[in-house]
Amino acid sequence: MAKMRGNKVKFDPNKLVLTAGATSANETLMFCLADRGDAFLLPTPYYPGFDRDLKWRTEAEIVPIQCSSSNGFKITASALEEAYLKAQEQGLNVKGVLVTNPSNPLGTTLTREELNHLIDFTLTKNVHIVSDEIYAGTVFDSPTFTSIAEAISDRNIEDTQVSNRVHIVYSLSKDLGLPGFRVGVIYSNNEAVVSAATKMSSFGLISSQTQFLLSQMLSDKKFSNNYLKENQKRLKKRKEALVSGLKSCGIKCLKSNASLFCWVDMSHLLTSQTFEAEKELWKRVVYEVGLNISPGSSCHCSEPGWFRMCFANMSEETLNLAMKRLKSFTDSISINKIAKTRPRHLVPYSRTMSMTKWVLQLASVDRETDR
């Protein structure tokens, strides 16, 4: 964990709790920090799976912190306060704020200003911060990644009550490409949280064989260093290829520097600035172009027309083909005709059509997308 954060902060292994992936870590923290009906504030857009991970079994609530494209979807002090007041109006007891840093789906790292807003909010409201840093090792461009632990250290409040209310989630799934190994971590200075989470980890243990294998692999410092550098290099190259391809289609992206996807603005292709129009465009991209992308509404984005596009889960050839298809699609449509014309490039009803319906079910805006 220290290596992923540039060795700028030290981590005490006695304050670590191993879990079966980041999903288990986040749910465990909700059980530890919130009672039934308590709320956590999450900045939008956020990972759709949080609606499941944080709420289903814990019965906690999520109140969105509304962020907008006007400032690149950054967290502001006013947005935090508005979300807090909204939760109070709904009769909800706010227990904390949960952020992903780097962000899923934005592909950006939190700025120092945003981190300080979160710390100040914690100081003022006496609530917790959960920082999901599962993409910490994927930062491939400037600005560099700053962990909440580093921000706390820089303000010299490590040994205060604020430090006891800051909790970090990490996993090897993204940085090392090992999602199937189900290795996650909770790091907390709060002894009560560590104790409770350790007991709860019995319901999602990591096998001793997995732990032994990974300990051997990670002890090879040369391999792990080279792997991370090469991975970041390839991610940057692939992201630039996606951005370039989208630019040729007349589509812009939010400037990003991390993770495995881009936050793409396709609002100019909507027939109207509504989420219904966004859903219709998404269906056309799935049916006609054959691309499975995540609509912004599934991420609780407050503005229609934004989509998450992954670039790290395909070969270079597949990405080039995807951009060619998308270019043909954008060239062939007119904003005034999207809602009026029937899809002209649908394949005959066959195994391909059945496959498309299957993809629609998996990628539905009403279903959580994969992390």
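Each value, and the rule that gives it
Residues numbered from 1 in each chain as written. Predicted model: local features only at pLDDT ≥ 70, side-chain atom pairs only at ≥ 80, totals over all residues. Heavy atoms only, no water. Helix = DSSP H or I, 4+ residues; strand = E, 2+ residues; numbered from the N terminus. Contact = heavy atoms within 4.5 Å. Areas by Shrake-Rupley, 256 points an atom, 1.4 Å probe, with all protein chains shown as cover. Core = buried A, V, L, I, M, F, W, Y, C linked by side-chain atoms within 4.5 Å. Buried < 20%, exposed > 50% of the residue type's maximum accessible area, 1.4 Å probe, protein only. Pairing = 2+ DSSP bridges. Axes fitted to C-alpha atoms, helices over the stretch in contact; angles between N-to-C directions. pLDDT = per-residue confidence, 0-100. Lys, Arg positive; Asp, Glu negative; His and termini not counted. Salt bridge = Lys/Arg side-chain N within 4 Å of Asp/Glu carboxyl O. Polar contact = N/O pair within 3.5 Å; in protein donor to acceptor, adjacent residues only side chain to side chain. Phe/Tyr/Trp six-rings, centres within 6.5 Å; stacked < 30°, edge-to-face > 60°. Lys NZ or Arg CZ within 6 Å of the ring centre and 35° of its normal.

Draft legend 1. Up close: the overall build of the protein. Along its length, the protein carries eleven helices and eleven strands. Sequence-distant contacts in the protein: of pairs separated by 6 or more residues, those separated by 24 or more amount to 75%. When the accessible surface of the protein is summed, it comes to about 17900 Å², and 51% of that surface belongs to carbon and sulfur atoms.

Draft legend 2. Spotlight on the nonpolar core. Met-266 and Leu-326 are the most contacted members of the largest nonpolar core, which has 53 residues in total. Listed by contribution, the elements that provide at least two residues to this core are helix 1 (22-33), strand 2 (39-43), helix 6 (191-200), helix 8 (221-248), strand 9 (261-265), helix 9 (275-289), strand 11 (306-310) and helix 10 (316-332). Top contributing element to this core by residue count: helix 9, with six residues. Non-local contacts of Met-266, meaning those with residues more than four positions away in its chain, are made with Ile-251, Leu-281, Val-285, Ile-293, Gly-305, Phe-307 and Met-309.

Draft legend 3. Structural view of the sheet that holds strand 4 (residues 94-100). Taken in spatial order, the seven strands make up an open sheet running 1-7-6-5-4-2-3, and their pairing is mixed. This sheet does not close on itself; its edge strands, each paired only once, are strand 1 (16-19) and strand 3 (61-65). Averaged over all pairs of adjacent strands, the angle between their axes in this sheet comes to 25°, without regard to strand direction. The pairing of strand 6 (residues 166-171) with strand 7 (residues 184-188) spans five bridges and is classified as antiparallel. Within strand 7, the position partnered with His-167 by the bridge is Ser-188.

Draft legend 4. Quick peek at the confidence of the model for the protein. When pLDDT is averaged along the protein, the result is 88; 88% of the residues meet or exceed 70. Per-element mean pLDDT across the protein ranges from 48 in helix 11 (residues 351-362) up to 98 in strand 2. The low-confidence segment residues 346-355 (pLDDT under 50) makes seven contacts with residues lying over four places distant or belonging to another chain.

Draft legend 5. Representation of the pairing of strand 11 within the structure. For strand 11, the buried fraction is high: four of the five residues fall into the buried class. Where strand 9 meets strand 11, five bridges bridge the pair, whose relative direction is antiparallel. What sits directly across from Cys-262, in strand 11, is Met-309. As paired elements, strand 10 (residues 294-295) and strand 11 share two bridges and run antiparallel to each other. By the bridge assignment, Ser-294 is partnered in strand 11 with Arg-308.

Draft legend 6. Just the side chain of Arg-165, in detail. Inspection of the secondary structure assignment puts Arg-165 in the loop between helix 5 (148-154) and strand 6. Here Arg-165 occupies a buried position and makes no salt bridge, while the nearest side chain of opposite charge, Asp-120, is found at 11 Å. A polar contact is formed between the side chain of Arg-165 and the side chain of Asn-126, at a distance of 2.9 Å.

Draft legend 7. The arrangement of the packing of aromatic side chains in detail. Scanning all chains against the criterion turns up nine aromatic pairs. An angle of 40° between the planes, with centres 6.5 Å apart, marks the rings of Tyr-46 and Phe-50 as tilted. The residues Tyr-46 and Phe-50 share a single accessibility class, namely buried. Where Tyr-84 meets Phe-121, the ring centres are 5.8 Å apart and the plane angle is 80°; that geometry is what we call edge-to-face. Here Phe-121 lies in helix 4 (residues 112-125) and Tyr-84 lies in helix 3 (residues 77-89), a separation of 37 residues in the sequence. Through a chain of ring-to-ring contacts, the aromatic side chains of Tyr-46, Tyr-47 and Phe-50 assemble into a single cluster. Lying over the aromatic face of Phe-261, Arg-308 brings its terminal NZ or CZ to 4.6 Å of the ring centre.

Draft legend 8. Spatial organisation of the sheet that holds strand 8 (residues 252-253). Reading across from one edge, 8-9-11-10 is the order of the four strands in this open sheet, with antiparallel pairing throughout. The sheet is open, and its two borders are formed by strand 8 and strand 10, each paired with just one other strand. The strands that helix 8 touches are strand 8, strand 9 and strand 11; relative to strand 9, the one it contacts most, it runs at about 15°. Against the sheet, helix 9 touches strand 10 and strand 11, its axis set at about 30° to strand 11.

Draft legend 9. Spotlight on the side chain of Ser-267. Of note, Ser-267 is situated in the loop between strand 9 and helix 9. Under the relative-accessibility criterion, Ser-267 is labelled buried at 19%. With residues up to four places along the chain from it excluded, the contact list for Ser-267 reads Gln-273, Pro-304 and Gly-305.

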